[in-house]
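# Summary of the model geometry
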Amino acid sequence: NMNNNLSELTAVIVTYKTNINVLKNCLNSIKAEIKILLIENSNKFENEKEIKSQFSNVEILCTGLNLGMGAGNNFGLKFVKTKYALILNPDIVCSNDFFLNIKNYLGGNINFSLIGSVYNNHTNYKPAGFFNNQDLKNAKFINEFNLYEVDWIAGHTMLVNLSKFNEKKIFDENYFLFFEELDLCRSVKKKNEKTFMCPNLKVNHLGWKGSFAADENYEIESLKLRNWHYIWSMFYYNKKNYGYFFALRKSISRLFRSILRIIYYSIRFDKKGRVIYTYRLLGLLNSIFLKKSNFRINFKN
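For the structure given in this document, a descriptive report is provided here. What you see is a predicted model, and the numbers here were worked out from it, not measured in a lab.

## Digging into the overall build of the protein chain
Helix and strand counts for the protein chain stand at eight helices and twelve strands. Against the compact-globule benchmark of 19 Å for 301 residues, the protein chain has a radius of gyration of 20 Å, which places it among compact chains. Taken over 301 residues, the protein chain has a buried fraction of 54%. Long-range contacts, defined here as pairs at least 24 residues apart, represent 75% of the contacts in the protein chain between residues at least 6 apart. By element, 50% of the accessible surface of the protein chain is carried by carbon and sulfur atoms, the whole surface being about 15100 Å². Taken together, the 42 basic and 25 acidic charged side chains of the protein chain have centroids lying 6 Å from each other.

Pasting the structure below:
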C-alpha cells in the first residue's frame, strides 16, 4: 500500500542549542504524518512548549550531555520503531515533493542500506561520491528507481534501512563531529551492501546553522570546535581504515603547515586565523597521541 508507506518512516533530528527559527523551518518541511524524534544533545530543550504546541508529531528526548552527531543519532535510533529512519540535520529544509518521492523507497522493493539526497542550493558541495574520488558522472544509474549507486553520501540527510543493521548503533561513537557518515558508508561498502544518491530527494542545507554555531557571539568557540574535530576525525578515520602510519604520513605536512600559519597569523594579530590553526594543530596532536575526541566548548550559561 503506497499511501501508507510514510508510516514506516521516523525522522531523527539531533539538536544542540539550535536556533528555534532554523529548527521550525526544518520541521515545517516534514509531512505532518511522519513521526519526528528530536534528540537534544544536552539536559534541557529550551523551546519544548513552543515546539510541542506547534508540531503534534514531534517527540523530544534529551541525552543529558553533548554526545556529538554520531552518538546523538545512535541514541535517537534506539527509540525508532519503524523500518526506516530519516536522519536529518536541523538546518535542512526538505523540498515540497521530498516525501512524495521518498515513498518509493519505503515499500521494500529495493535493496539498500542508505539513500542520500541532493542539494537545491549548494552547487559547490558534493552530495555524494566515491572513495577513489572518481567523478559522480561515473555512478551507475538505476533507472527504474531513479537512483545512483555511490560509495558515500552526505550525512545531513540519510534514509536508513534499519533492517540492514544488526544494532541501532550504526555510527562509530569515537567521532564527535565530522567523518562519522563517511565511516558509516565505508562499513556499508565493506559488507557489500548498497548506498545510493537520489536526485529526487532535494534539500536546502543552511550549513553550520544546526547548533550554537548560528550564534555570532559564539563564532570563535565554533571555529575552535570545528577545526579541532575536523582534523581529529580525519586522522582517526584514516587510522581506522588504512592504519596508523598511513594516517601519520597523510598529516605530517599539515602539522608543519599549521605551526607556520599560527606564527604568521600571530604576527599579523589575526585572531581568527590564529584560532583556526591552533585548534587544527591541537586536534591533530590529540589524534596522533591516540587521545579521544574529547574537546568541548564550555558555555558560561
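## Section: the packing of aromatic side chains
Counted according to the given criterion, the structure contains 17 aromatic pairs. Here Phe141 and Tyr148 contribute two aromatic rings whose centre-to-centre distance is 4.6 Å and whose plane-to-plane angle is 35 degrees, an arrangement assigned as tilted. For the pair Trp232 and Tyr236, a centre-to-centre distance of 5.1 Å together with 15 degrees between the ring planes defines the contact as stacked. A residue pair is termed a helical-turn pair when its members lie 3 or 4 positions apart in one helix, as Trp232 and Tyr236 do in helix H6 (residues 219–242) at four residues. Taking the relative accessible area as the measure of exposure, Trp232 reaches 4% and is therefore buried.

## Quick look at the environment of Leu184
Within the secondary structure, Leu184 is located in helix H5 (residues 180–190). What makes Leu184 buried here is its relative accessible area of 2%. For Leu184 and Ala32, which are 152 residues apart along the polypeptide, the C-alpha to C-alpha distance reads 29 Å.

## Some points on the pattern of salt bridges
Oppositely charged side chains can form a pair if their charged atoms are brought close together. Taken as a whole, this structure holds 13 salt bridges when the rule is applied. Salt-bridge contacts for Lys35 lead to Glu59; the nearest nitrogen and oxygen are separated by 2.8 Å. Of the two residues, Lys35 is situated in strand S2 (residues 35–40) and Glu59 in strand S3 (residues 58–62); the sequence distance between them amounts to 24 residues. Judged by relative accessible area, Lys35 falls into the partly exposed class, the value being 37%. A salt bridge links Glu48 to Lys52; the shortest N-O distance between them is 3.1 Å. Within this pair, Glu48 and its partner Lys52 are both found in helix H2 (residues 48–54), separated by four residues, close to a single helical turn. Each of Lys140, Glu149 and Lys194 takes part in one network of salt bridges that share partners.

Cut-offs applied
Residues numbered from 1 in each chain as written. Predicted model: local features only at pLDDT ≥ 70, side-chain atom pairs only at ≥ 80, totals over all residues. Heavy atoms only, no water. Helix = DSSP H or I, 4+ residues; strand = E, 2+ residues; numbered from the N terminus. Rg over C-alpha atoms; globule rule 2.2 N^0.38 Å. Buried < 20%, exposed > 50% of the residue type's maximum accessible area, 1.4 Å probe, protein only. Contact = heavy atoms within 4.5 Å. Areas by Shrake-Rupley, 256 points an atom, 1.4 Å probe, with all protein chains shown as cover. Lys, Arg positive; Asp, Glu negative; His and termini not counted. Charge placed at Lys NZ, Arg CZ, Asp CG, Glu CD. Phe/Tyr/Trp six-rings, centres within 6.5 Å; stacked < 30°, edge-to-face > 60°. Salt bridge = Lys/Arg side-chain N within 4 Å of Asp/Glu carboxyl O.

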